[in-house]
Amino acid sequence: GAGVSQSPSNKVTEKGKDVELRCDPISGHTALYWYRQSLGQGLEFLIYFQGNSAPDKSGLPSDRFSAERTGGSVSTLTIQRTQQEDSAVYLCASSSDRPLYEQYFGPGTRLTVT
Amino acid sequence: AQTVTQSQPEMSVQEAETVTLSCTYDTSESDYYLFWYKQPPSRQMILVIRQEAYKQQNATENRFSVNFQKAAKSFSLKISDSQLGDAAMYFCAYRNWGGSEKLVFGKGTKLTVNP
């Protein structure tokens, strides 16, 4: 079946603009995760959704970052007033209830803030 | 908080040879999962192998196997009969048994396979 998809694949934006990144999980997967991959910090967890609720948003780096998930499916990560340090690859992953431990990743969105 | 350390930023291996990538982790939990993910230039993270901490037997998947030493908190990946397609970044990752299901990643090891 179809894997996790993310759009756009690449995004270039000017400092101070808002951006939205989209993640389409594997159909039927109830859990969805966002991670950020940057040169200096490696792979960092941002937020985790179970259904439409986010029991763990501890990785969001500032209040400029927010995410939502609707219909237990598509998720959007929004970054307001982007800064150059937000430049990174944003990865989305999803997993089903059973087994709980296998996360399937999307191809990521490369965000460049100029 | 849990941490994962990969001490080898880069490794290289000759095609058909064997290479071992190192990973250590720190946790106070007794039940958890460990993973190795592969990330080729396409950016797609691919699960290579997983290990449940309660299992004493080391996991194997075809040419990939792990050496899991729970007391030493060590989780190395052995790739046998290396192929050109194995060239990628390899990430070691940890996940708690319950609670938040986030993965904690190491910094990665870049593997080069020489023909």
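Residues numbered from 1 in each chain as written. Chains lettered and ligands numbered in written order. Predicted model: local features only at pLDDT ≥ 70, side-chain atom pairs only at ≥ 80, totals over all residues. Heavy atoms only, no water.

Peer 1: Teacher, can you tell me more about the state of the cysteines here?
Peer 2: The bond known as a disulfide is covalent and runs between the sulfur atoms of two cysteines. Residues and elements named next belong to chain B. Summed over all chains, the structure comprises 2 disulfides over all chains. At a sulfur-sulfur separation of 2.0 Å, the disulfide partner of Cys23 is Cys92. Torsion about the S-S bond of the Cys23 and Cys92 cystine: about -70 degrees, corresponding to left-handed handedness. Pair noted here: Cys23 is in the loop between strand E3 (19-21) and strand E4 (24-26) and Cys92 is in strand E10 (residues 88-96), with a separation of 69 residues, a long-range link. (Disulfide = S-S within 2.5 Å. Helix = DSSP H or I, 4+ residues; strand = E, 2+ residues; numbered from the N terminus.)

Peer 1: Explanation requested: the sheet that holds strand E1 (residues 5-7) of chain A in the structure shown.
Peer 2: Residue and element names in this part refer to chain A. With antiparallel pairing, 4 strands are arranged side by side in an open sheet as E1-E3-E8-E7. Of all the strands in the sheet, just E1 and strand E7 (65-69) have a single pairing partner and so form its edges. Within the sheet, the average angular offset between the axes of one strand and its neighbour, ignoring direction, is 15 degrees. As paired strands, strand E3 (residues 19-24) and strand E8 (residues 75-79) are joined by 5 bridges and run antiparallel to one another. Across the sheet, the residue bridging to Arg22 is Thr76, located in E8. (Pairing = 2+ DSSP bridges. Axes fitted to C-alpha atoms, helices over the stretch in contact; angles between N-to-C directions.)

Peer 1: Could you clarify how one ought to interpret the nonpolar core in this entry?
Peer 2: The tendency in soluble globular proteins is for nonpolar side chains to be buried side by side. All names here are of chain B. The biggest cluster of nonpolar side chains holds 26 residues, and the ones touching the most others in it are Tyr25, Trp36, Phe75, Leu77 and Tyr90. For this core, the elements supplying multiple residues, two or more each, are E3, strand E5 (32-39), strand E6 (46-52), strand E8 (64-69), strand E9 (74-79), E10 and strand E12 (109-114). Top element by residues in this core is E10. It accounts for 4 residues. Not counting the four nearest positions on each side in its chain, Leu77 is found in contact with Val19, Thr20, Leu21, Trp36, Val48, Ile49, Phe64, Ser65, Val66 and Tyr90. (Core = buried A, V, L, I, M, F, W, Y, C linked by side-chain atoms within 4.5 Å. Buried < 20%, exposed > 50% of the residue type's maximum accessible area, 1.4 Å probe, protein only. Contact = heavy atoms within 4.5 Å.)

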